[in-house]
Each structure stands twice: as structure tokens, then as C-alpha cells.
Amino acid sequence: MLFTDGAELFKPSPTYNPGRVNGTIIVESAIGTAITIGLNYLWYKKFAHSKFHYFNDNNEWLSVDKVGHATTAYNIAAIQSDVLHWGGVKSGTAALIGTGTALAFMSMIEILDGHSDKWGFSKGDMLANLAGCLLFEGQYLMWGQQRISLKYSYHGTIFPSYHPAELGGNLPQRMLKDYNGQSYWLSFNIASFLPASSGFPQWLNLSAGYGAEGMIGAVKNPTEINGKPIPEFRRYRQFYLSFDTDLYRIDGLSPLSSTLLKINRTIKTPAPALEWNEVEGMKFHLFYY
């Protein structure tokens, strides 16, 4: 009986459930307020505030940061839509609110940047945010489902050791700031493009990835930091092709299992991968993440 109740808790409501929706609004409002205050006092407070201004950073980090913006916006929209669907909100409305929530949150970050002397409101970032939102909403309008998702993966690199203040001094910071170790993936759920009679595994995906390496600084690499010489690294882009999974699509999962496995919609499954870059050409990774 307890298992049944637990399973029902994670099952989307077939009708509008005001208790779930109101609870979601309260929790998300609290989280949004906490994030805003936290960013303002723990991140932006370190730098001088200024009048609102724009900042062109389109030539930074070989555009890995821009793909990261699109991926973040896409996944906020997807998660928000799922939560509202769980509360019994109609799918179309849930998708639209999810898209609006993602755009509002990412715009808030850009506005905070716009008042920071170190950064500024980036039109390139906003275009990337819009691209992620449109990928989500566009798929719902076209297919009524998400056949293509944007995912993230990370592996450690040597580069933060040369500039930890810029690229992160510990693992959580490096996962956010070390663009050398981040890869972003367009993950295509193959079965959703095929007839239901094909029998193709619903959980198996094909992913196209993008990353870059050799970056110590945003636009170019410094020759020294705090008087310490930095080796010369060539900055280059990386393109990948790999298998992936959407484990939450496996038949027969409980609502709880399906909910927990949706982290796989955000984080790519480690798998063999082909890489092409202009320095080494084509190379094969037996296990890439």
C-alpha cells in the first residue's frame, strides 16, 4: 500500500490538482528568491555595480558558453513543464509556461550581468537562451513531445590548475567554469522519428556533441599568471558523434523510477564516441563523457 501511494505521488495528475500547483508555485518562488539573493551576494557582490550596459562576449570561450546557455534554458523549460504536468496542467499550457519560466530566469541572470562592472548584458547569451527555449517549445508545437534534447557532460582537464580563479578551484566550480571539460549534446531519440511498428528501442539515442579545448582565458591565453609562466596551448573546437540514452523511456518503469531517470534528459550517458578536431583530425574514444 505504501509503495502504491509512493508511486501515485510521482504520477502526473489526470485533472488539475490545485494543491500540487500551488505547492509548486510556493516552492519555486522560494527557490527563485534564494537563487537571486545568492547570486547577488555571493557572486555579483565581489564586483563593482554599474549602470545597465551591454557587453559583447561572442568571441569568448570558442562559443562553448553560448551552447551552455541554450542547454540550460532548454532544460529549465522541460523541467518546469514536467512539474506543471504533474500538477494536472494541460500539456500545451505546461509547455508554454515552462518556456516562459526558462526565458524569465535566464533574462534575470542577464539583467544582473548588465548591472555588473565586470560583465554586461550579452545579446549573444540572450540569443542562445532564446534558442534553447525555442527548441523546447517548437518541438511541442510540432510533435507534441521532445524528440531532441540538449544535454551536458563533463570531464576533468589540466587547464584549471593554471588558472583556478578563472576556471575553478574545486570540482563543482570546474563543472560550471572549465569550458575545456564541458561538452554539449543534441541528443536525438531515434524511435520517436520511426513508426511505432519499427520495434526500435525507445531508450536509445544518437547524439551530436560540441566542445573546445586549450582555453586558459576567455579570448586568448595569458602568457603568465601572478608571475608564473603559462605553457602555450592551442585553442581548438571539438565535434563529436556518440550513442546516448533516454533511460526514462524504458517500458514498465514506475512513476518514481521514470521521474528519477529524467536526469538522463539533462546529462548525457557516457559512451563510445567519435571526435573530430582541427589539431588531431578524427579520433575514437572508447568511453567519453
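Note that the structure is predicted; figures quoted are calculated from it, not measured. (Residues numbered from 1 in each chain as written. Predicted model: local features only at pLDDT ≥ 70, side-chain atom pairs only at ≥ 80, totals over all residues. Heavy atoms only, no water.)

Caption draft 1: Summary view of the overall build of the chain. Regarding its fold elements, the chain presents eight helices and eight strands. In terms of overall size, the chain behaves like a compact globule, its C-alpha atoms giving a radius of gyration of 21 Å where 289 residues would be expected to give roughly 19 Å. If one aligns the C-alpha atoms of the chain with their principal axes, the spans along those axes are about 65 × 45 × 35 Å. Taken across its 289 residues, the chain has 42% of its residues classed as buried. As displayed, the chain has an accessible area near 15,600 Å², and 67% of this comes from carbon and sulfur atoms. The distance from the centre of the 23 positive side-chain charges to the centre of the 23 negative ones in the chain is 2 Å. (Helix = DSSP H or I, 4+ residues; strand = E, 2+ residues; numbered from the N terminus. Rg over C-alpha atoms; globule rule 2.2 N^0.38 Å. Buried < 20%, exposed > 50% of the residue type's maximum accessible area, 1.4 Å probe, protein only. Areas by Shrake-Rupley, 256 points an atom, 1.4 Å probe, with all protein chains shown as cover. Lys, Arg positive; Asp, Glu negative; His and termini not counted. Charge placed at Lys NZ, Arg CZ, Asp CG, Glu CD.)

Caption draft 2: Seen up close, the packing of helix H3 (residues 64–86) against helix H5 (residues 123–143). The interhelical angle for the contact between H3 and H5, taken along N-to-C directions, is 40°, at an axis separation of 7 Å. In terms of axis orientation, H3 runs oblique to H5. Between H3 and H5 lies a crossing whose hand is right-handed. Side by side, H3 and H5 meet where Asp65, Lys66, His69, Ala70, Ala73, Tyr74, Ala77, Ala78 and Ser81 of the first sit next to Gly124, Asp125, Ala128, Asn129, Gly132, Cys133, Leu135, Phe136 and Gln139 of the second. Each residue belonging to the contact of H3 with H5 can be placed in one class, and the counts come to nine nonpolar, six polar and three charged. (Axes fitted to C-alpha atoms, helices over the stretch in contact; angles between N-to-C directions. Parallel < 35°, antiparallel > 145°, perpendicular 65-115°, else oblique. Left-handed = near helix turned anticlockwise from the far one by under 90°. Contact = heavy atoms within 4.5 Å. Nonpolar A, V, L, I, M, F, W, Y, C, P; charged D, E, K, R; others polar.)

Caption draft 3: Quick peek at the packing of aromatic side chains. Taken as a whole, this structure holds 15 aromatic pairs when the rule is applied. A centroid spacing of 5.6 Å and a plane angle of 55° characterise the contact between Phe52 and Phe121, whose relative ring orientation is tilted. With Phe52 in the loop between helix H2 (18–42) and H3 and Phe121 in the loop between helix H4 (91–114) and H5, this pair connects stretches of sequence that are 69 residues apart. Among the residues examined, Phe121 registers a relative accessible area of 15% and is labelled buried. Taking the centre distance of 5.5 Å and the plane angle of 40° together, the rings of Trp185 and Tyr240 count as tilted. Of this pair, Trp185 sits in strand S2 (residues 182–189) while Tyr240 is found in strand S6 (residues 236–245), placing the two residues 55 residues apart along the sequence. Among the residues examined, Tyr240 registers a relative accessible area of 5% and is labelled buried. Members of the aromatic cluster, connected to one another through ring pairs, are Phe52, Tyr54 and Phe121. For Lys123, the ring lying beneath its charged end belongs to Tyr54, and the centroid distance is 5.0 Å. Directly above the aromatic system of Trp185 lies the positively charged group of Lys268, at a separation of 4.6 Å from the ring centroid. (Phe/Tyr/Trp six-rings, centres within 6.5 Å; stacked < 30°, edge-to-face > 60°. Lys NZ or Arg CZ within 6 Å of the ring centre and 35° of its normal.)

Caption draft 4: Geometry of the pattern of salt bridges. Scanning the model with the defined rule gives 10 salt bridges in all. A salt bridge links Asp125 to Lys66; its shortest N-O distance comes to 3.0 Å. You can see Asp125 sitting in helix H5 and its partner Lys66 sitting in helix H3, a full 59 residues away along the chain. Note on accessibility: Asp125 and Lys66 belong to one class, buried. (Salt bridge = Lys/Arg side-chain N within 4 Å of Asp/Glu carboxyl O.)

Caption draft 5: Representation of the environment of Ser107 in the model. Residue placement: Ser107 occurs in helix H4. The buried category is assigned to Ser107, whose relative accessible area is 19%. Sequence separation of Ser107 and Asp125 is 18 residues, and the distance between their C-alpha atoms is 9.3 Å.

Caption draft 6: Quick look at the confidence of the model for the chain. For the chain, mean pLDDT is 93; residues scoring 70 or higher make up 97% of the total. Counted against residues more than four places away or in other chains, residues 1–5, with its pLDDT under 50, gives zero contacts. (pLDDT = per-residue confidence, 0-100.)

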